[in-house]
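Architecture and fold: a report
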Amino acid sequence: MELRVALGLALLCSALEAAPTGPQRPRSAVGQFWHVSDLHLDPTYHITPDRTKVCSSSKGANASNPGPFGDFLCDSPYQLILSAFSFMKDSKEQVSFMIWTGDSPPHVPVRELSTKLVISIIGNLSSTIRNFFPDLQVFPALGNHDYWPQDQFPVTTSEVYNAVADFWKPWLSDEAINTFRKGGFYTQLFESSNSHQPLRIISLNTNLYYSPNKVTVNITDPANQFAWLEEILETSSQKKEKVYIIGHVPVGYLPYARNTTAIREYYNERLVKIFRKYSSVIAGQFFGHTHRDSIMVLLDEEEKPVNSLFVAPAVTPVKSVLQMESNNPGVRLYQYDLFDYSLLDLWQFYLDLRDANQKNESNWKLEYILTKTYGIEDLKPESLYEMAKQLSMPNSTLFEQYYSNYIVSYDKTILCEEGCKTCQICAIKYLDSSSYRDCINQEAMWR
């Protein structure tokens, strides 16, 4: 109840602060949608005295401090996933739809899964979402773990594509389902009674471009998705539609690994080119995969900001034994302008996993509101670019806050300095290879 009051008050305050002073559109024309990603259910999770046997996803390592809601060396117990959806439902937020950007199965050795098991887990979580939100429009995307063997997505129809298409029939049109069966991607219009124009969702199968996918090596246009994407965007441009792009593996450079794109560099360059060409049509891009919370700003050839991209943190808290940091579980709420679908704000919620396990109670909380935390007006590309410039300043305390949010308040004592900060800043501002490398080579500027 307290959360609902706090949310209501904060929304009221933001509406009052932004009250129109002239003949502007009223601030009340705000829509909302949820974004969840990387649920990674581990059905083997259970509390047992032998810490090596708590979950398959720890791969034989000792679970660190397992409790009812999970452990930082394990993927999600079902109870954690249920608590996330319970929180979203109980918040009573009025949302138009939800995006779900993939990865349902756990991080376990290939031999411990099978096509049948992977299909069963995706089906289970699709049903779970539908049970919690029976009347809500959901737009899903496939993640690299939503296949067996993981990452090896085919360029033609397959058992997984067909089975998942059947699970997602309640949410998607016949046309979207037919496209999905062929290559794991689709497009669908979201018609809203509150908006003067429809929103087009394009759900990409970026797993086709993912570096570990051996199936697509040397294929110029896997499953003809590039040609299809350009055709859809061209039509949207002519019809004056607005588009949200959703996918699992993000475009651009990984913020934690120098000179490394998540998808193969050739595919990355091609996607960047397409997104630049149709940037006036694309009102937002949303991804998952990294398990961390980050932003990117797509610049055109003249370094003008033209697109806002968001990577949502995971629900799973898993990390490997060698990793220093992980993430607390997170879910997020976006606010958008009902008139033109431009993004207005982002409310990030999280579960303090240590606290939840200690108290045997899941208390999901607001971690931050993006515009308030970073002192920007909205989530449009120009605003995010101003934010990126602030983060780039030497000794930026705002960057320290950004990094704490990046790991979803996992550990405030972990700092990101020097080379770590360079990787983060360059990944935010530069998505193509030449400008990214120029940024990395100017490393001294961020010190």
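Residues numbered from 1 in each chain as written. Predicted model: local features only at pLDDT ≥ 70, side-chain atom pairs only at ≥ 80, totals over all residues. Heavy atoms only, no water.

1. With respect to the state of the cysteines
In total, this model carries three disulfides according to the counting rule given. C416 shares a disulfide with C420; S-S distance 2.0 Å. Every disulfide takes its handedness from the sign of the S-S torsion; for C416 and C420 that torsion is -110 degrees, giving left-handed. The disulfide partner of C426 is C439, and the S-S distance across this bridge is 2.0 Å. One quick way to see it: the torsion about the S-S bond of C426 and C439 is about -85 degrees, and its sign makes the bridge left-handed. Taken together, the positions of C426 in helix 12 (residues 419-429) and C439 in helix 13 (residues 433-441) put the pair 13 residues apart, joining distant regions of the chain. Each disulfide of the chain joins two cysteines, and with those cysteines numbered along the sequence the arrangement is 1-2, 3-4, 5-6. (Disulfide = S-S within 2.5 Å. Helix = DSSP H or I, 4+ residues; strand = E, 2+ residues; numbered from the N terminus.)

2. Examining the side chain of D293
Structurally, D293 is set in the loop between strand 7 (282-287) and strand 8 (294-299). Overall, the relative accessible area of 3% leaves D293 in the buried class. Only 2.9 Å separates the side chain of D293 from the side chain of R332, close enough to count as a polar contact. Sequence-distant contacts of D293, defined by excluding residues within four places in its chain, comprise V311, P313, R332, Q348, Y368, Y402, N405 and Y406. (Buried < 20%, exposed > 50% of the residue type's maximum accessible area, 1.4 Å probe, protein only. Polar contact = N/O pair within 3.5 Å; in protein donor to acceptor, adjacent residues only side chain to side chain. Contact = heavy atoms within 4.5 Å.)

3. Here we look at the sheet that holds strand 5 (residues 199-203)
Reading across from one edge, 4-5-6-7-9-8 is the order of the six strands in this open sheet, with mixed pairing throughout. Where the open sheet ends on each side, the last strands, each with one partner, are strand 4 (186-190) and strand 8. Going across the sheet, the axis of each strand differs from the next one's by a mean of 20 degrees, ignoring polarity. With three bridges joining them, strand 7 and strand 9 (residues 305-311) adopt parallel strand pairing. Bridge pairing in strand 9 places Q285 opposite L309. Sheet strands in contact with helix 10 (residues 381-392) are strand 8 and strand 9, and its direction is about 75 degrees off that of strand 9. (Pairing = 2+ DSSP bridges. Axes fitted to C-alpha atoms, helices over the stretch in contact; angles between N-to-C directions.)

4. Re the sheet that holds strand 11 (residues 343-350)
The strand order 3-2-1-10-11-12 describes an open sheet built from six strands, whose pairing is mixed. Looking at which strands have only one partner, the edges of the open sheet turn out to be strand 3 (137-140) and strand 12 (365-369). With strand direction ignored, the average angle separating the axes of adjacent strands in the sheet is 25 degrees. Here strand 2 (residues 97-100) pairs with strand 3 via four bridges, running parallel. Note that in strand 3 the partner of F97 across the bridge is Q137. Against the sheet, helix 3 (residues 115-132) contacts strand 2 and strand 3, and its axis sits at roughly 160 degrees relative to strand 2.

5. Let's talk about empty space enclosed by the protein
Applying the stated criterion across every chain yields a total of three cavities of 30 Å³ or more. The calculated volume of the largest cavity comes to roughly 70 Å³. Forming the boundary of the largest cavity are 15 residues, of which Y253, L254, P255, S294 and M296 lie nearest the centre. Those elements that place two or more of their residues in the lining of the largest cavity are strand 8 and helix 12. For the lining of the largest cavity, the leading source of residues is strand 8, giving three residues. (1 Å grid on protein atoms, 1.4 Å probe; cavity = no way out; pocket = protein on both sides within 12 Å on 5 of 7 lines; lining within 4 Å. Points joined across faces, edges and corners; volume = space filled by probe spheres on them.)

6. Some details on the nonpolar core
Buried together is how nonpolar side chains tend to be arranged in soluble globular proteins. Counting residues in hydrophobic clusters, the biggest one holds 134 residues, and the most contacted among them are L229, Y244, V331 and L370. Considering each element in turn, this core owes the most residues, seven residues, to helix 3. Non-local contacts of V331, meaning those with residues more than four positions away in its chain, are made with W34, H35, V36, A84, F87, M88, V315, W347, Q348, F349 and W364. Grouped together as the second largest cluster of nonpolar side chains are five residues, Y45, V54, A63 and C74 included. (Core = buried A, V, L, I, M, F, W, Y, C linked by side-chain atoms within 4.5 Å.)

7. Things to note about the pairing of strand 6 (residues 242-246)
The buried fraction of strand 6 amounts to four of the five residues, a majority that puts the element mostly inside the structure. Alignment of strand 5 against strand 6, held across five bridges, turns out to be parallel. Across the sheet, R200 pairs through a bridge with V243, a residue of strand 6. The β-α-β motif built from strand 5, the intervening helix 6 (residues 225-239) and the parallel element strand 6 has right-handed crossover chirality. Pairing of strand 6 with strand 7 involves four bridges; the strand directions are parallel. Paired with I246 across the bridge in strand 7 is F286. In the classification by handedness, the crossover that spans strand 6, the intervening helix 7 (residues 265-277) and the parallel strand 7 is right-handed. (Right-handed = clockwise from strand over helix to strand, strands pointing away.)

Note that every value here comes from positions in space, so none of it alone points to a role or purpose.
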